[in-house]
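Chain by chain, the residues:
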Amino acid sequence: MAVVGLRCQVILFALLIMASVAYGAKLSKSHYYRTCPKLETVVRNKVNEIVNADLGMAPGLLRLHFHDCFVRGCDGSVLLNSSSNSAEMDAPPNAGSLRGFAEVDSIKAEVEKACPGVVSCADILALAARDAVVKVGGKYWSVPLGRKDGFISSLVEANSSLPSPFMTFAQLVENFAAVGLNAKDMVILSGGHTIGQAHCAVVIPRLYNFSGVPGATDPSLDPTFADMLRTLCPSDEPLTFVGQMDATNGTFDNEYFTDVKSQRGLFSSDAALLTSPLGRRIVRESAAYPGSFLREFGKSMVKMGNIDVLTGSAGEIRRVCSAVNNNGNY
Ligand code: HEM
């Protein structure tokens, strides 16, 4: 009898191991409890210091995590410098507009002092994004941890995986579905556009000769808002910044949805949220219930942070975030 019991236990154990190999080890909130108990405090203090010095780093850090996760999963690939191949950071959706690289390096250096060789850059990005959002008024969410850093970063993949600001609702849904996120996640996470800046290049096509018609403006833009944007963005100044993404820029709140609802969303992709019944409903609800939007944002961020993560024996813990260990000889 005892032998049968033991055999059952062994089989159960083997099945559990097989299941965890098949489905991949999961992220966990307690991943660094033993190996780096001060991690969250170290990252939070550093992010607060960085955002106090430059408010623009809050949107910068949030967008870095998003752009990391959408290309090859949340594996720190966005942070790798180009070497023999061109890296994600040099792809047009990133080059000249992603910011916060040096700041992530400085957070990593601080973490390395506290716990050398233990914490991945991918996890630092996930924590820094959360802490940046909280620092400018967003609501806290727990970040599951245990991501490893990847070895590959590809410009070509960044070009094909990141959403474009000219996408329709259906195209945005498809783009998010490709990484396992649903339409609701897409609308809620677009609320990240409550902070930060954009280049005029993204809005100029909406303001002048829209769809190739001389003198036409995108009809989905509020005319007064379009006039204001034209003063900020002359047609020949694509590199000028539109200083704010919503009317309460600098604060992580639900104002983005109020703006989108009144046709004051900056990008075509923001305006596109109103073109589907589901999108319209979530925009209206998020505009009406700020607390609910902030909670939903945290939930969708956790889902985003789970995209194709490397765990267990996959990947590595990079020593510096901008390069793989061992000069790429892995
Ligand atoms: C839905 C599809 C999305 C599209 C098409 C899109 C596109 C863009 C574009 C074109 C910019 C301006 C870049 C520039 O000109 O400098 C931008 C900025 C930004 N995006 Fe998105 N985005 C999307 C979703 C998201 C998501 C999911 C997040 C975060 C959860 C996010 C966070 C941000 C932030 C914070 C900025 C400001 C960055 C800064 O100030 O440095 N975006 N986005």
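Residues numbered from 1 in each chain as written. Predicted model: local features only at pLDDT ≥ 70, side-chain atom pairs only at ≥ 80, totals over all residues. Heavy atoms only, no water.

In the nomenclature of an unreviewed UniProt entry, the protein is known as Peroxidase of Marchantia polymorpha. The record held by UniProt for the protein lists under Subcellular location (unreviewed entry) the comment "Secreted". Annotation of the protein in UniProt includes, under Catalytic activity (unreviewed entry), the sentence "2 a phenolic donor + H2O2 = 2 a phenolic radical donor + 2 H2O". (UniProt positions renumbered as here; feature names shortened; annotations may be inferred.)

What should I look at first to understand the packing of helix α8 (residues 183-190) against helix α13 (residues 277-288) in this one?
What describes two packed helices is the angle between their axes and the distance between those same axes. The contact between α8 and α13 brings their axes to 10 Å, and the two run at 40°. It follows from the interaxial angle that α8 and α13 lie oblique. Judged by the sense of rotation from one axis to the other, the crossing of α8 with α13 is right-handed. Along the contact surface, α8 presents Ala183, Lys184, Val187 and Ile188, while α13 presents Leu278, Gly279, Ile282, Val283 and Ser286. Residue composition of the contact of α8 with α13, grouped by class: six nonpolar, two polar and one charged. (Axes fitted to C-alpha atoms, helices over the stretch in contact; angles between N-to-C directions. Helix = DSSP H or I, 4+ residues; strand = E, 2+ residues; numbered from the N terminus. Parallel < 35°, antiparallel > 145°, perpendicular 65-115°, else oblique. Left-handed = near helix turned anticlockwise from the far one by under 90°. Contact = heavy atoms within 4.5 Å. Nonpolar A, V, L, I, M, F, W, Y, C, P; charged D, E, K, R; others polar.)

What is the right way to look at the UniProt feature "active site" (unreviewed entry) in the protein in this model?
The feature "active site" (unreviewed entry), as given by UniProt, occupies His67 in the numbering adopted here. Excluding residues within four positions of it along the chain, histidine 67 makes contact with Val78, Glu88, Pro93, Asn94, Leu98 and Leu162.

Got a minute to help me understand the UniProt feature "binding site: substrate" (unreviewed entry) in the protein in this structure?
Mapped onto this structure's residue numbering, the UniProt feature "binding site: substrate" (unreviewed entry) falls at Pro163. Considering the arrangement of structural elements, one finds proline 163 in the loop between α6 (155-161) and α7 (169-177).

In this structure, what is going on with the domain arrangement of the protein? I would like to understand it.
How big an interface is tends to be reported as the loss of accessible area on association of its parts. Partitioning the protein into domains gives domain 1 (39-162 + 306-328) and domain 2 (169-304). Relative placement of domain 1 and domain 2: their C-alpha centres are 24 Å apart. Counting from both sides, the interface comprises 25 residues of domain 1 and, opposite them, 20 residues of domain 2. Overall, the association of domain 1 and domain 2 removes approximately 1800 Å² of surface from exposure, summing both partners, and the carbon and sulfur fraction of that is 71%. (Domains from an automatic or database assignment. Buried area = accessible area lost by both parts, 1.4 Å probe.)

What am I meant to see in the coordination of the iron atom of the ligand here?
The textbook angles at a metal center are 109.5 degrees for a tetrahedron of four donors and 90 or 180 degrees for an octahedron of six. There is one protein donor for the iron atom of the ligand, and it is His193 (NE2), at 2.1 Å. Mapping histidine 193 onto the fold places it in the loop between α8 and β1 (198-199). (Donors = N, O, S within 2.8 Å, 3.2 Å for Na, K, Ca; no water.)

I would appreciate a short explanation of the state of the cysteines in the present structure.
As used in these notes, a disulfide is a covalent bond between sulfur atoms, one from each of two cysteines. With the rule as written, the count across this model stands at four disulfides. The disulfide that involves cysteine 121 links it to cysteine 321, with 2.2 Å between the sulfurs. Since a negative S-S torsion denotes a left-handed disulfide, the cysteine 121-cysteine 321 link at about -95° is left-handed. Of this pair, cysteine 121 sits in helix α5 (residues 121-135) while cysteine 321 sits in the segment after α14 (290-304); the two residues are 200 residues apart in sequence, bridging distant segments of the chain. (Disulfide = S-S within 2.5 Å.)

What am I meant to see in the pattern of salt bridges here?
Should the charged atoms of two oppositely charged side chains come close, the side chains can pair. The full count for this structure, using the stated rule, is 14 salt bridges. A salt bridge links arginine 130 to glutamate 40; the shortest N-O distance between them is 2.9 Å. Here arginine 130 is found in helix α5, whereas its partner glutamate 40 is found in helix α2 (residues 39-53), with 90 residues between them in sequence. A salt bridge links aspartate 123 to arginine 147; the nearest nitrogen and oxygen atoms lie 2.6 Å apart. Residue aspartate 123 is found in helix α5, and its partner arginine 147 is found in the loop between α5 and α6; the two are separated by 24 residues along the sequence. What makes arginine 147 buried here is its relative accessible area of 2%. Within this structure, Glu40, Arg130 and Asp131 form a network of salt bridges that share partners. (Salt bridge = Lys/Arg side-chain N within 4 Å of Asp/Glu carboxyl O. Buried < 20%, exposed > 50% of the residue type's maximum accessible area, 1.4 Å probe, protein only.)

Explanation requested: the layout of surface pockets in the structure shown.
Remark: the empty space left among the atoms is shown by a probe the size of a water molecule rolled over them. Space inside the largest pocket adds up to approximately 980 Å³. Those elements that place two or more of their residues in the lining of the largest pocket are α3 (57-69), α7, α8, β1, α9 (200-207) and α14. Per element, the largest residue contribution to the lining of the largest pocket is six residues, and it comes from α3. Across the lining of the largest pocket, the residue classes tally to 24 nonpolar, 13 polar and two charged. Two domains each put at least three residues into the lining of the largest pocket: domain 1 (39-162 + 306-328) and domain 2 (169-304). (1 Å grid on protein atoms, 1.4 Å probe; cavity = no way out; pocket = protein on both sides within 12 Å on 5 of 7 lines; lining within 4 Å. Points joined across faces, edges and corners; volume = space filled by probe spheres on them.)

Could you clarify how one ought to interpret the nonpolar core in this entry?
Generally speaking, soluble globular proteins have nonpolar side chains that are buried together. Ranked by size, the top nonpolar core spans 69 residues in total, and within it Leu39, Phe70, Phe252, Phe297 and Met304 carry the most contacts. For this core, the leading source of residues is α5, giving nine residues. The two domains that each donate at least three residues to this core are domain 1 (39-162 + 306-328) and domain 2 (169-304). If sequence neighbours within four positions are ignored, phenylalanine 252 has contacts with Leu62, Val133, Val136, Gly137, Gly138, Gly191, Gly192, Thr194, Ile195, Phe293, Leu294 and Phe297. Listed in part, the 15 residues of the second largest apolar core include Val202, Ile204, Leu229 and Val242. (Core = buried A, V, L, I, M, F, W, Y, C linked by side-chain atoms within 4.5 Å.)

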